[in-house]
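# Coordinates in review
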Amino acid sequence: MTSKDELKGKAKEAYGKLVDDDKKKSEGKTDQVKGKVNEAKDSVKDSLEGVKESLSSDDKDD
């Protein structure tokens, strides 16, 4: 899934390329990385919550 930051970054990078603005291109790439990092963080968080739930349900079975 593409995040808001990634979309904003792609737009900003495209604008930077269009007007030949290296700063905007760089900002766009940075925004894209932020979006990917946030997605990875959320994915890890969801995985850890699943593991926690799995472990707590295993404890109830004992």
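Residues numbered from 1 in each chain as written. Predicted model: local features only at pLDDT ≥ 70, side-chain atom pairs only at ≥ 80, totals over all residues. Heavy atoms only, no water.

Okay, the overall build of the protein chain next. The number of helices and strands found in the protein chain is 2 helices and 0 strands. Here the protein chain has a C-alpha radius of gyration of 19 Å; the compact-globule value for 62 residues is 11 Å, and the former is much larger. Summarising its shape, the C-alpha atoms of the protein chain cover approximately 65 × 15 × 10 Å along the three principal directions. Carbon and sulfur atoms form 54% of the exposed surface of the protein chain, whose accessible area is close to 5,100 Å². Placing the 15 positive and 17 negative side-chain charges of the protein chain at their respective mean positions leaves the two points 9 Å apart. (Helix = DSSP H or I, 4+ residues; strand = E, 2+ residues; numbered from the N terminus. Rg over C-alpha atoms; globule rule 2.2 N^0.38 Å. Areas by Shrake-Rupley, 256 points an atom, 1.4 Å probe, with all protein chains shown as cover. Lys, Arg positive; Asp, Glu negative; His and termini not counted. Charge placed at Lys NZ, Arg CZ, Asp CG, Glu CD.)

What follows concerns the UniProt feature "domain: CsbD-like" (unreviewed entry) in the protein chain. With numbering matched to this structure, UniProt assigns "domain: CsbD-like" (unreviewed entry) to residues 4–49. Taken end to end, residues 4–49 comprises 96% helix and 0% strand; its first and last C-alpha atoms sit 24 Å apart. (UniProt positions renumbered as here; feature names shortened; annotations may be inferred.)

Taken together, the side chains of Asp42, Asp46, Glu49 and Glu53 make up a negatively charged region of the molecular surface. When you line up the elements, Glu53 lands in helix H2 (residues 22–61). Looking at Glu53, the relative accessible area reads 56%, which means it is exposed. (Patch = residues over 30% accessible without salt bridge, like charges linked within 9 Å, V, L, I, M, F, W, Y side chains within 5 Å. Salt bridge = Lys/Arg side-chain N within 4 Å of Asp/Glu carboxyl O. Buried < 20%, exposed > 50% of the residue type's maximum accessible area, 1.4 Å probe, protein only.)

The next thing to look at is helix H1 (residues 4–19). The end-to-end C-alpha distance of H1 is 23 Å, a good match for the 22 Å that 16 residues give at a rise of 1.5 Å each. Of all the residues in H1, the buried ones are Glu6, Gly9, Glu13 and Gly16. Projected down its long axis, H1 shows its buried positions confined to an angular sector of 85 degrees, all on one face. In H1, the exposed residues that point more than 90 degrees away from the buried face are Lys4, Leu7 and Leu18. (Expected span 1.5 Å × (residues − 1). Arc of directions from axis to C-beta.)

Attention now moves to the pattern of salt bridges. For side chains of opposite charge, pairing can occur when their charged atoms come near one another. Following the criterion strictly, the structure yields 6 salt bridges and no others. Lys12 is the partner of Asp31 in a salt bridge, and the nearest nitrogen-oxygen pair spans 3.1 Å. Pair noted here: Asp31 is in helix H2 and Lys12 is in helix H1, with a separation of 19 residues, a long-range link. For Glu13, the salt bridge is made with Lys29, and the minimal N-O distance between the two is 4.0 Å. Note that Glu13 is positioned in helix H1 and Lys29 in helix H2, a separation of 16 residues in sequence.

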